[in-house]
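Descriptive analysis of the structure
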Amino acid sequence: MAVPVEEAVAALATFSLEDDQPDIQGLAVTLIGGRSTTESAIDYEDVPAYQLSLAEDTVAITQLDTLISEGRDLVAVLYSYRSCVKALPQLPESMKQNQGDLYLETYQVLDIEIGRLRGMQRWQAAAATRLAGDMHKFSRFDKSIKGPTVTHMWGMVRLLDVLLQLDHLKNAKASIPNDFSWYKRTFTQISAQWPDTDGMREELDDLQIFLSTRWTILLNLQAEIYRVSVVEDVLQVLILFCLELLESDRVLLYSERHTLLRVLPVLVILAMSGEKEGESFLKKIKLSRLVRVFRREYLIVHHIPTIRSQHDEYCLRFAAAVNELQAVKVAKDADEVESTQVKENMYLVIVEGFQLLSEWTGRVWEQCAWKFSRPAKDATPFDPERSKDVTDYEKVVRCNYSAAERKATVEITSYIKGLGTMMERVDTLIADAIWEVLHAQVQEFVQNKLATMLRTTFKKKKDLARILTDMRIIAADWMGNSSEYNAGHVSKLREEGVGVPVTFRSRPAAPTAAQLHCLQFLIHELVSGGTPKKMGGFFSGSEIDIPHADMRQLENFFNKLAFFPHILDYRATLADLTDLGFLWFREFYLETSRVIQFPIECSLPWMLVEYVIESQETGLLESVLMPFDIYNDAADQALRTLKQRFLYDEIEAEVDLCFDQLVFKLSEIIFTYYKTQASSKMLDISFLEVVENQEKYQVFPKRFDSLFRMRRVKLLGRTIDLAFLFGQRMNKIFRENLDFLFERFEAHDLCSIVDLQRMVDILSRTHELLSEHINMDPFPLMMGEMGETISLMSFSGRIATQVFAELQNDFFPNFILCTTTQRFIRSAKSCQQPVRRPTPPNADPSFLCGTPDLNVAHGNVGDLHSNFFGLPHMFAVVKLLGSRSLPWLVRALLDFLSQKISVMEPRIQEMRDSMPKAIAIPSHDWGVEGCLRNFSEQLQWAGSYDGLLDMLQGLKEIGSLIFWMSLLDTVMRQTETVHFMQVVPWLGVVPNKDGQLQQLLADDNYSPLVSLFKQATEEVLSHPGCLNNAAFVSMAKQAEVADILYMNNLQTGSILDYTLAYLGAILARVRDKWDAPSKTGLIEITSSREYYRIYSGIQFFDLQQVHSQNPGEGVSFQECFGDAVAWGGCTILYLLGQELRFELLDFTYHVLSVAESDTLPSSLSYIESRAKGISSYSLEVTAFLDNAKKARRLNSHVFSLLRARAPHEDKLASMITQTGSVVHRIKYPITPSFYLTLAKQ
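Residues numbered from 1 in each chain as written. Predicted model: local features only at pLDDT ≥ 70, side-chain atom pairs only at ≥ 80, totals over all residues. Heavy atoms only, no water.

Topic: the overall build of the protein chain
Broken down by element type, the protein chain carries 49 helices and 9 strands. With 1241 residues in all, the protein chain has 50% of them scored as buried. Across the protein chain, the fraction of contacts at a sequence separation of at least 24, relative to all contacts at a separation of at least 6, is 80%. (Helix = DSSP H or I, 4+ residues; strand = E, 2+ residues; numbered from the N terminus. Buried < 20%, exposed > 50% of the residue type's maximum accessible area, 1.4 Å probe, protein only. Contact = heavy atoms within 4.5 Å.)

Below is the structure:
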């Protein structure tokens, strides 16, 4: 069924093509669509149709405009002129024979540029003759020659301004005489064979004089002006014309005001150079009036408070006027009077906006000129390594703007560009209203006010009445009037219309440029009488007898006419008023500094951007793109005004570099801000409560939202997605930060993994905050890429590899275990093995916590975990490695364990070979000291073994690995418990009576998860409007797969159990050597060479060394090896099934048994020592007994844990009863739980 066209159009009207991009950039459209949509006519082709006396003047104005256009092209050529000689090649000595060809090629290249200079010479002569001719014509005392009109005077002033600019540029361009010298030299070389070159030589001599003489153009003009007659009167009129325009508000564009300011001093000099008027000139025109025009405060910083208030107030009025106009247009029955008032108010607001833009742009012009005329005295080079010299351009720009002046310049640039954008967006909305207002003002003046003047003031003045009648004929619109106007009804209308205002219908029909020109001419002729020689001004000095009220009406309308052309050419006027491209151009200083181009640090637009970035003021961040519109203006001038592609290329190159720097620096600032915010939020609340200065840890908000929404930044005719560039840069910064953190971790020991985890958490929180505004890669993806865990060939991640390397090279060899605290600490320095690590990377505050204060705060927290390794570190290991890298690490550690057993196997064999054939166990009658001496003599083989330290180191590393696995198992069980609590409600898993898990299924024999998805799928499929049935069916099947996967992963194994089982399997290879049973079936008490006997001797020797210090080392055995030796040794003998034999026949346990029997109240030694009041043992024996008790408690703790995790109920064990019989298959009693033996987290 086809949709009706009306409904389709109505539906399209509901769509909005607008987005939420803020207006924080200037117009930036001139390079795309041009400056204006209409072109103001300058030839006034329709003027002859009015049959007025100004036809001849219009032709003269057209000729002036043609000369001005040609002169501006020459100004563009001369301003952008670069030396050609510098680009010419220099022939080496071997090619001197080709010198003639080089001269010919050089001549052909330079002849093009010299031809332009010849054209400039001819043009300036023609322009001076034309300007002098106009002045001579208007200086005659001929009543038939009317004085110059306002438009004609503007033409004369503009032509004089072009001549002045050409003369200044000719004087400033030192490259032009240099190129001409080369041209003349080459001409001399190649013209030797040419016939008749005398004329060319004379022409070159004239051109050389013209180029080498300063102020040639103005001197030529002065000679032309005073050649025939005296023109001081015309010059004085032009001076008054300039003064009146500068003192009044009739100049809307500041470029025109700037023209007047440039020309006025030249006019004064020309007027004072006359023979008879030079002395009396200052009497006719007061000097104070001239000084007052130029005496102003040129620094913007002194005006910025006023400008700021003007901007805020005007924005409110403009928005209110636009809203009222929109309401009037939408209203169907709007009152005509109210509608007219709203449109007139809109017109006045537009005029006020143009005036404000003109004033603000003028402030920028004046400050720039002020800075150029007063370079900085104390200037330092921005890069002393590159150059120690400071160029003139640096003195007037880079070193000449203080921070306050840069801020003020940024603000006023933002106001100009922002206001211009705001006014440009309502162009189509206000166009009809503005045209109606212009039409109404013209018709009100010509149909009502002029009619009143004709009936009253000019009733008997036929000459003046003729002028008023001509004005009505030219501009009156009688189509909307109830009376029809023609020549026969003029008298009748005058009689009938006395006192009755004419009503007319307002139409959006604006007057043409010719009509405005004619009205200005007629009003000027009416007031001045056609003569220019009145010194009081056009209106105040008029000799025509016109009442004051009528004179004010004529003056007001005359002033309005000056605005009408600019209002009609709305977009062109806006582009002109907001044009700040002059802030970039620096051709004069390139000429004087003799450089190709200046660095961006010396460019004023980039200086403003850099100030906004470095100051980081919240109110200026949204204006960071405004200075880039200066580049748009400069590029537009380079292409449209100067017509030089190389200038555009230089601008484009600088913009590319500056915009890259902008994205780079802004991204760093944004990243640092959100990194600081994340770091601040992750500080402990209790810390913030007790800290004194909390403000340094707080993050104050900054307005980056507007920058995040900039997806269409217009720059040099291109549209750039700034948000996308931010996302790209952030992806790179996050990856660089992760790489920095990993490098930092790789340069420290394993204890820094808690700090790494904290930094990664902060970075992840930063990513979470930034992801709300910018599209970035997921953080797990970045983590996987930088951690090298996502490729198909990545079996181990970067962190896992580093953790294993640290465990293997530093942690197991150099850390000792403290069972009481469940922590590893670094052993004494003399016991450590050297470890080589890379140099830590330079710490960038933004890559840590954002600010130095937050770095210190989080660094103090990290220092709490930097000197030990415990459960917090293990949690960090589990979280960082994840389920992908953790299995690889466990497997690598088990291989390391197997390697250590293989290394220890020959050493055990060597110690077995060094053991005596029998080691007798002394009876209790020997006493404690006797037993100690006996064992010390019999166990010399253990202390004298050369590889004892390596043997102890191996046992320590094995014990450290086992305890490390126990910590990992604890953390994994806690993590899996949390995961279990989250999953089981969806799987329907509950414990049964026996404590085992069982799954309760729903009525449809599915888990709650599968049942929920199946019911939802059935409901959706039953609806007739379902468009994608397969997607919902697939969703239900995926729920079944997830149910199976999670059910299989609920009851996972224990890492510690697997480690012990793996170690038992490894020991099975050496069981025949380390656990050789007696051939008689009885336990060998004195001649056993099993592993437990070797470890018993090592333990006895170690306990003797615990209280003493190793010679030459100054550290004790405990400081070197800790408790890990007991964990390693006891675990091996337990898995070999030698635990009971060890506890029964251990040398240390025997000494303790003797000591315990001596301390019984019934023992003789105990009674004698108590009677004497002294201790029965020496200090050394007492220390040995204390250490032996600690060792027995530690061994008992290790055995209890092993019984809980690896019970031996089904393994053979031998025991001798009191009767001497052998008992097999002894079942151990109930052992304590493993979890009760571990420290709480």
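Describing the packing of aromatic side chains
Taken as a whole and assessed by the stated rule, the structure comprises 46 aromatic pairs. Consider the rings of Tyr674 and Phe708, whose centres lie 6.3 Å apart with planes at 40 degrees: the pair is tilted. Linking Tyr674 in helix 26 (residues 645-681) with Phe708 in helix 28 (residues 705-708), this pair joins segments that are 34 residues apart in sequence. Tyr674 sits in the buried class, given a relative accessible area of 7%. Of the aromatic side chains, those joined through ring pairs into one cluster are Phe811, Phe812, Phe815, Phe824, Phe869, Phe896, Phe963, Trp964 and Trp1127. In this structure, Lys170 packs its charged tip against the face of Phe210, placed 5.4 Å from the ring centre. A cation over an aromatic ring shows up here: Arg823 above the ring of Phe868, its NZ or CZ 3.9 Å from the ring centre. (Phe/Tyr/Trp six-rings, centres within 6.5 Å; stacked < 30°, edge-to-face > 60°. Lys NZ or Arg CZ within 6 Å of the ring centre and 35° of its normal.)

Describing the side chain of Thr361
The residue Thr361 is located in helix 14 (residues 336-373) in this model. Since its relative accessible area comes to 3%, Thr361 is described here as buried. Here Leu357 takes part through its backbone oxygen, which lies 2.7 Å from a polar atom of the side chain of Thr361. (Polar contact = N/O pair within 3.5 Å; in protein donor to acceptor, adjacent residues only side chain to side chain.)

Side note on the packing of helix 4 (residues 99-138) against helix 6 (residues 175-190)
Here helix 4 crosses helix 6 at 130 degrees, and the two axes come no closer than 9 Å. Comparing their axes, helix 6 and helix 4 come out oblique. The hand of the helix 4/helix 6 crossing is left-handed. On the side of helix 4, the interface is formed by Tyr103, Leu104, Thr106, Tyr107, Leu110, Asp111, Ile114, Leu117 and Arg118, while helix 6 contributes Ile176, Asp179, Phe180, Trp182, Tyr183, Thr186, Phe187, Gln189 and Ile190. Residue composition of the contact of helix 4 with helix 6, by class: 12 nonpolar, 3 polar and 3 charged. (Axes fitted to C-alpha atoms, helices over the stretch in contact; angles between N-to-C directions. Parallel < 35°, antiparallel > 145°, perpendicular 65-115°, else oblique. Left-handed = near helix turned anticlockwise from the far one by under 90°. Nonpolar A, V, L, I, M, F, W, Y, C, P; charged D, E, K, R; others polar.)

Regarding the environment of Lys329
Within the fold, Lys329 resides in helix 13 (residues 304-330). Separated by 10 residues in the primary sequence, Lys329 and Ser339 have C-alpha atoms spaced 8.6 Å apart.

Looking at the pattern of salt bridges
Inspection of every chain in the model, using the stated rule, returns 56 salt bridges. With a closest N to O distance of 3.3 Å, Arg1205 and Asp969 form a salt bridge. Residue Arg1205 is located in helix 49 (residues 1179-1205), and its partner Asp969 is located in helix 38 (residues 948-987); the two are separated by 236 residues in the primary sequence. For Asp969, a relative accessible area of 2% corresponds to the buried category. If you follow the salt bridges from partner to partner, you end up with Asp749, Glu806, Asp810, Arg826 and Arg837 in one network. (Salt bridge = Lys/Arg side-chain N within 4 Å of Asp/Glu carboxyl O.)

Some points on the packing of helix 36 (residues 927-938) against helix 47 (residues 1147-1158)
The description of two packed helices rests on the angle between their axes and on the distance between the axes. One way to put it is that helix 36 packs onto helix 47 with a least axis distance of 8 Å and a crossing angle of 165 degrees. Our classification of the angle between helix 36 and helix 47 gives roughly antiparallel. Considering only the axes of helix 36 and helix 47, their crossing is right-handed. On helix 47, the residues touching Gly927, Val928, Cys931, Leu932 and Phe935 of helix 36 are Phe1147, His1150, Val1151, Val1154, Ala1155 and Asp1158. For the contact of helix 36 with helix 47, the residue count by class is 8 nonpolar, 2 polar and 1 charged.

Concerning the pairing of strand 4 (residues 823-826)
Bridge analysis of strand 3 (residues 815-818) against strand 4 gives 4 bridges, and the strand direction is antiparallel. Bridge pairing in strand 4 places Ile816 opposite Ile825. Where strand 3 folds back on strand 4, the antiparallel hairpin that results is connected by 4 residues, among which Gln822 adopts a positive phi of roughly 60 degrees. Taken together, the 2 bridges between strand 4 and strand 5 (residues 868-869) define a ladder with antiparallel strand orientation. In the strand pairing of strand 5, Phe824 is matched with Phe869. (Pairing = 2+ DSSP bridges.)

Remarks on the sheet that holds strand 5
The strand order across the open sheet formed by 3 strands is 3-4-5, and the pairing between neighbours is antiparallel. Strands at the two margins of the open sheet, each flanked by one partner only, are strand 3 and strand 5. Contacts between helix 32 (residues 798-814) and the sheet are confined to strand 3, strand 4 and strand 5, with strand 3 contributing the most and set at about 50 degrees to the helix.

A look at the nonpolar core
In this structure, Ile350, Met423, Leu662, Leu889, Trp964, Leu968 and Ile1132 are the most contacted members of the largest nonpolar core, which totals 343 residues. Take this core: its biggest share by element is 19 residues, from helix 35 (residues 871-914). (Core = buried A, V, L, I, M, F, W, Y, C linked by side-chain atoms within 4.5 Å.)

Quick notes on a negative patch on the surface
Among the surface-exposed residues, Glu324, Asp335, Glu336 and Glu338 lie close enough to one another that they form a single negatively charged patch. Along the chain, the position of Glu336 falls in helix 14. (Patch = residues over 30% accessible without salt bridge, like charges linked within 9 Å, V, L, I, M, F, W, Y side chains within 5 Å. Areas by Shrake-Rupley, 256 points an atom, 1.4 Å probe, with all protein chains shown as cover. Lys, Arg positive; Asp, Glu negative; His and termini not counted. Charge placed at Lys NZ, Arg CZ, Asp CG, Glu CD.)

Structural notes on the confidence of the model for the protein chain
Scored by pLDDT, the protein chain comes out at a mean of 80, with 80% of its residues at no less than 70. Mean pLDDT in the protein chain bottoms out at helix 2 (residues 30-33), which sits at 39, and peaks at helix 30 (residues 753-770), which reaches 93. Confidence drops under a pLDDT of 50 for residues 482-499, and excluding neighbours within four residues, the segment shows 14 contacts in the predicted structure. Counting interchain partners and residues more than four positions distant, the pLDDT-below-50 stretch residues 1210-1241 has 47 contacts. (pLDDT = per-residue confidence, 0-100.)

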